[in-house]
Amino acid sequence: MGRIHVLPEHVANKIAAGEVVERPASVVKELLENSLDAGATRIKINIEAGGKKLIQITDNGCGMVRDDAMLAFERHATSKIRDAEDLLSVATLGFRGEALPSIASVSRLRLETCAAGPGAEASGTIIEINGGRMARVEEAGLPEGTSITVRDLFFNTPARKKFLKSESTELSHIASLVTHYALAHPEKHFELHSATHAMLVAPPVAGYSERVYQVFGKETLDQLIAVAAMQQLEHVGLPQPPPWRRKEEADEDAACSAPGEMRVHGFVSKPEIQKLNRNSIFVFVNGRLIRDRLVQHGLTEAYRNIIPPTVFPVVLLFLELPPGEVDVNVHPAKTEVRFRQPTLMHDFARDTVRAALMKARPVPQFTTEIRAHATASAGLTPGAREWELPSNLASASAAPERLSQESANGGGFALQAPALPPVSARFQFEGGSAVEAKAAIPVDRGMESHFAQAIPETIPDNGCAPALDAASDEEPTLAALSTLRPLGQIRNSFILAVNEDGLWIVDQHVAHERVLFERILKQRAAQKVESQRLLMPIVLELSPAQQAVFAEIAEELQHNGFEAEPFGARSVAVKVAPAGVDAAAGERMLHELLDQISREEQSLNLEKIRGRIAASIACHAAIKVNMPLEQNKMEWLLTELAKTDHPMSCPHGRPVVLRYSVMDIQRAFKRI
Ligand code: ADP
Ligand code: MG
């Protein structure tokens, strides 16, 4: 890294102003980014009292010579940019030259640093600063690299100290942050220790999936789909460097004018993983963890009709683009960026993720929903799934929920997600032994709990059981669905079917819903929606909000097989409805739909409205639960389901099929 200098005022003034030190995690973020910028390959962090008492970060990066170390605490002193034009293409994580002075002014800070490489001073430098006042500077024999100790954060600004959350909350923020930087840099060694235990020890590994495995374990990795894509940029985004500079660069290096390419890689969750908030979405742009509405929107689009609009996936996405394509000088904490070609970025993220989801088209594993419990129903939370669903869906699923509780109590199979286990995460330690770290990492809590193993880990003796052919636990493909042979129904609601892969349970209502949903969308696109004349028109009395929505979507409803006329001041008479929707269902459906859209915060575009209408018709026209089905009807349904694009989840995101693989069966019978 070059020498540190204080930026001239006119450059400093162009830097997004604002305070960066908000809480312990922001201190950790700044110091961690400095270590990464310094080229460190080993970073160790110690935390006490959630970072309120102590934050210590030690790296093996390039270190600083004495003069630089002194200068680093001046405002706007940085080695990373020189002039305003450099702001257009920042390649390092830091560039503002404000973190160290800001942190030093609100804590007791000790810096120990020793520059690496030939020509560097033989010894290192120690600097101590209390509340922004230089207290000590001396030379000392130190290892190469930098260690910064921040004690008593906000000791001199009691008002800010008051706003800090509990120690465990602050620690969980720090843990989440460090974990995600560790995920972004699998080739580096990261350690995070609290006063009582090691929370993360992640030695270098070969790649990203190895890092996910190392940090979260196999189950989590199995629930993620890998994403990777590259796209050439057609032109350089605006604004470009000033003309005199452009010319100079073009002469110097012709490659500078090439627009370059954008790349994305990472992981996204399968549809059965659904989070109630965005806390499990992590997007990195050129190694920087950011919050970005544009990319978020692209992700929402990618998951449209795969998971419900009210839930969120788990996403770990690393976007890489030429530094000139992102403006990082937008937010003081550098957590927001501005893309020079926003639409392109948005579509790139959306299309890549969508393509990966389409390709994977996984069938939910029976075991993620159903566990074989030899002993007790402990660990089952009745209704656990229900609160994850929108209320209208939750009530529709009341019957299955009841069923599941009964069977859970009976000690057999349970159609429930397991209860949240104690907050814990498994981390791999250097010695190779796995340790249970009790650190709260809220982001991953759901992931861990979702996959909590209910099956005993010890492998029992096979005893008298004759051996079966070795079963593979491979994920079933879509082709497997078409070979299903229905055996019968459970409580006239769930179709039980078998094939070579194992035992399957199909929710007849959501399966039919998925079939109809895709059919309606296709018919709508071809302008060939089937409809039927009702014996008696449905007269709908509409609230003012519903009237407004009705006016907005009337035309689209017509394209979907409804025919309606005004009937008095506040009512409409519906005379024709889509095939399969009778008068009562039609009335319910229209009320629900109008309410749903009127509650929407943002106005919906036509495509979304179309999706909502199709989902709603499908839901009301589909075979219900508690309905006996003949053999040929069950066969028909399974065949139709196998033909859909997304047989694994209904338009609202609920699973359609559950599989109990031969291996799961063998495990449950303790044959393996
Ligand atoms: P910025 O990162 O925006 O340049 P900082 O205040 O965070 O500003 O750091 C100031 C300077 O101190 C950096 O530009 C860098 O040269 C130096 N520095 C900070 N931390 C380290 C470190 N861990 N190793 C080597 N140099 C560092
Ligand atoms: Mg910095």
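Residues numbered from 1 in each chain as written. Chains lettered and ligands numbered in written order. Predicted model: local features only at pLDDT ≥ 70, side-chain atom pairs only at ≥ 80, totals over all residues. Heavy atoms only, no water.

Describe the packing of aromatic side chains, and please don't skip the residues or the numbers.
Per the counting criterion, the structure on display carries 3 aromatic pairs. When the ring of tyrosine 181 is compared with that of phenylalanine 284, the centres are 5.9 Å apart and the planes differ by 90°; the resulting orientation is edge-to-face. Remark: phenylalanine 284 occurs in strand S13 (residues 281-285) and tyrosine 181 occurs in helix H6 (residues 167-184); sequence separation between them is 103 residues. Each member of the pair tyrosine 181 and phenylalanine 284 is classed as buried. For the pair tyrosine 208 and phenylalanine 318, a centre-to-centre distance of 5.1 Å together with 35° between the ring planes defines the contact as tilted. On the criterion of sequence distance, the pair formed by tyrosine 208 in helix H7 (residues 208-216) and phenylalanine 318 in strand S15 (residues 315-320) is long-range, its members being 110 residues apart. Judged by relative accessible area, which is 28%, tyrosine 208 ranks as partly exposed. Overall, phenylalanine 318 belongs to the buried group, its relative accessible area being 4%. Feature note: the residues Tyr181, Tyr208, Phe284 and Phe318 constitute an aromatic cluster, connected by ring pairs. Sitting over the face of the ring of phenylalanine 155, arginine 108 holds its NZ or CZ atom 4.0 Å from the ring centroid. In this structure, lysine 633 is placed above the aromatic ring of tryptophan 636, and the distance from its NZ or CZ to the ring centre is 5.4 Å. (Phe/Tyr/Trp six-rings, centres within 6.5 Å; stacked < 30°, edge-to-face > 60°. Helix = DSSP H or I, 4+ residues; strand = E, 2+ residues; numbered from the N terminus. Buried < 20%, exposed > 50% of the residue type's maximum accessible area, 1.4 Å probe, protein only. Lys NZ or Arg CZ within 6 Å of the ring centre and 35° of its normal.)

Which residues make up H7, and what values go with them?
Every buried residue of H7 is accounted for by Arg211, Val212, Gln214, Val215 and Phe216. Burial along H7 is one-sided: seen end-on, the buried residues are contained in an arc of 165°. Glycine 217 sits one or two positions beyond H7 and adopts a positive phi of about 100°. (Arc of directions from axis to C-beta.)

Now, about the sheet that holds strand S23 (residues 531-541): what can you tell me, with residues and values included?
If you walk across this open sheet you meet the 3 strands as S23-S25-S24, and the pairing is antiparallel. With one partner strand each, in any of the chains shown, S23 and strand S24 (563-566) form the two edges of the open sheet. Geometrically, the sheet is characterised by an average inter-axis angle of 15° between neighbouring strands, direction not taken into account. In the sheet, S23 pairs with strand S25 (residues 571-578) via 7 bridges, with the strands oriented antiparallel. (Pairing = 2+ DSSP bridges. Axes fitted to C-alpha atoms, helices over the stretch in contact; angles between N-to-C directions.)

How would you summarise the site of ligand 1 if you had to cite specific residues and measurements?
Around ligand 1, the structure places 21 residues, and the nearest of them are Thr78, Ser79, Lys80, Arg96 and Gly97. In the environment of ligand 1, an oxygen atom lies 2.8 Å from a nitrogen or oxygen atom belonging to the side chain of asparagine 34. Lysine 80 places a polar side-chain atom, nitrogen or oxygen, 2.7 Å from an oxygen atom of ligand 1. The fraction of the free accessible surface of ligand 1 (530 Å²) that becomes covered by protein chains is 98%. At the level of elements, strand S4 (77-78) and helix H4 (99-105) are the ones that each hand at least two residues to the shell around ligand 1. No other element matches the 3 residues that H4 contributes to the shell around ligand 1. Residue composition of the shell around ligand 1, by class: 10 nonpolar, 7 polar and 4 charged. (Near = heavy atom within 4 Å. Polar contact = N/O pair within 3.5 Å; in protein donor to acceptor, adjacent residues only side chain to side chain. Areas by Shrake-Rupley, 256 points an atom, 1.4 Å probe, with all protein chains shown as cover. Nonpolar A, V, L, I, M, F, W, Y, C, P; charged D, E, K, R; others polar.)

Before we move on, could you go through the pairing of S25 and cite the residues and values that matter?
A large share of S25 lies buried, amounting to 7 of its 8 residues. One ladder, built from 4 bridges, connects S24 with S25; its direction is antiparallel. Note on S25: the bridge partner recorded for glutamate 563 is valine 576. Between S24 and S25, which pair antiparallel in sequence order, lie 4 residues; one of them, glycine 568, sits at a positive phi of approximately 75°.

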